[in-house]
Amino acid sequence: MGATKTDNFTDEQNKIAIIAKALGHPARIAIIEYLLKVNTCICGDIVNELPLAQATVSQHLKELKNAGLIKGNIEGTAICYCIDENTFGVLKDYFSNIILTTTNQKCC
């Protein structure tokens with residue numbers, strides 16, 4: 001099997017791209033903002049907060065979880081979701097480096 005396009009980039013570049021792609025939908029941003037607002041694990045209440053069908057919300061939750069932005073724990077028949085602070089730490093470091101670099105650069 002041949003190399004994929006992502007093989008040409010570092011693990012960190014691929015990780016940031018996966019995270020950025022997961023953040024590329026307003027429903028996912030709304031889910032993250034809701035989880036930040038309630039500041040606790042949520043089991044099932046997310047559907048009531050969005051103008052989307054339950055299946056659609058579940059798909060967005062799956063994408064956020066696959067990117068590592070949220071964590072999910074099974075409690076009985078429900079999955080409870082909360083923010084994964086480790087991944088947001090990665091984003092913080094990445095964007096802090098960009099801000100620091102662009103603040104100090106002498107360009108156009």
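Residues numbered from 1 in each chain as written. Predicted model: local features only at pLDDT ≥ 70, side-chain atom pairs only at ≥ 80, totals over all residues. Heavy atoms only, no water.

1. A closer look at the packing of aromatic side chains
For any pair of aromatic rings, the description consists of the separation of the ring centres together with the inter-plane angle of the planes. A full pass over the atoms with the stated rule returns 1 aromatic pair. Between the aromatic rings of Tyr-94 and Phe-95, the centroid separation amounts to 5.3 Å while the plane-to-plane angle is 80°, which identifies the pairing as edge-to-face. Look at Tyr-94 and you get partly exposed, because its relative accessible area is 32%. (Phe/Tyr/Trp six-rings, centres within 6.5 Å; stacked < 30°, edge-to-face > 60°. Buried < 20%, exposed > 50% of the residue type's maximum accessible area, 1.4 Å probe, protein only.)

2. Describing helix H5 (residues 85–104)
In this model H5 runs 28 Å from its N-terminal to its C-terminal C-alpha over 20 residues, within 8% of the 28 Å that 1.5 Å per residue would give. For H5, the N-terminal cap is Asp-84; the gap from its side-chain oxygen to the backbone nitrogen of Asn-86 is 3.1 Å. (Helix = DSSP H or I, 4+ residues; strand = E, 2+ residues; numbered from the N terminus. Expected span 1.5 Å × (residues − 1). Polar contact = N/O pair within 3.5 Å; in protein donor to acceptor, adjacent residues only side chain to side chain.)

3. Overview of the pairing of strand S2 (residues 78–83)
Here 6 bridges tie strand S1 (residues 70–75) to S2, and the two strands are oriented antiparallel to one another. Across the sheet, residue Lys-71 finds its bridge partner in S2, namely Cys-82. Connecting S1 to the antiparallel partner S2 that follows it, the hairpin turn spans 2 residues, and Gly-76 within it adopts a positive phi of roughly 70°. (Pairing = 2+ DSSP bridges.)

4. Observations concerning the state of the cysteines
With the rule as written, the count across this model stands at 1 disulfide. Linked covalently through their sulfurs, Cys-43 and Cys-80 form a disulfide whose S-S length is 1.6 Å. Every disulfide takes its handedness from the sign of the S-S torsion; for Cys-43 and Cys-80 that torsion is 90°, giving right-handed. In this pair, Cys-43 sits in the loop between helix H2 (26–38) and helix H3 (46–49) while Cys-80 sits in strand S2, placing the two residues 37 residues apart along the sequence. A relative accessible area of 1% means that Cys-80 is categorised as buried. The thiol of Cys-41 is not disulfide-bonded; the next cysteine sulfur, from Cys-82, is found 3.3 Å away. Residue classification places Cys-41 among the partly exposed positions, given a relative accessible area of 36%. (Disulfide = S-S within 2.5 Å.)

5. Here we look at the UniProt feature "domain: HTH arsR-type" (unreviewed entry) in the chain
In this numbering, the UniProt entry assigns the feature "domain: HTH arsR-type" (unreviewed entry) to residues 8–106. The distance from the first to the last C-alpha atom of residues 8–106 is 29 Å, and the span holds 63% helix and 12% strand. (UniProt positions renumbered as here; feature names shortened; annotations may be inferred.)

6. Some words on helix H4 (residues 54–66)
Taking 1.5 Å as the rise per residue, H4 with 13 residues should run 18 Å; its terminal C-alpha atoms sit 18 Å apart, in good agreement. Looking at the packing, one finds that the buried side of H4 touches helix H1 (11–22), H2, H3, S1 and S2. One or two positions beyond H4, positive phi appears at Gly-68, with a value near 85°. (Contact = heavy atoms within 4.5 Å.)

7. Topic: the confidence of the model for the chain
Averaged over all residues, the pLDDT of the chain is 89; the fraction at 70 or higher stands at 96%. S1 is the least confidently modelled element of the chain, averaging 85 in pLDDT, while H1 averages 95, the highest of any element. (pLDDT = per-residue confidence, 0-100.)

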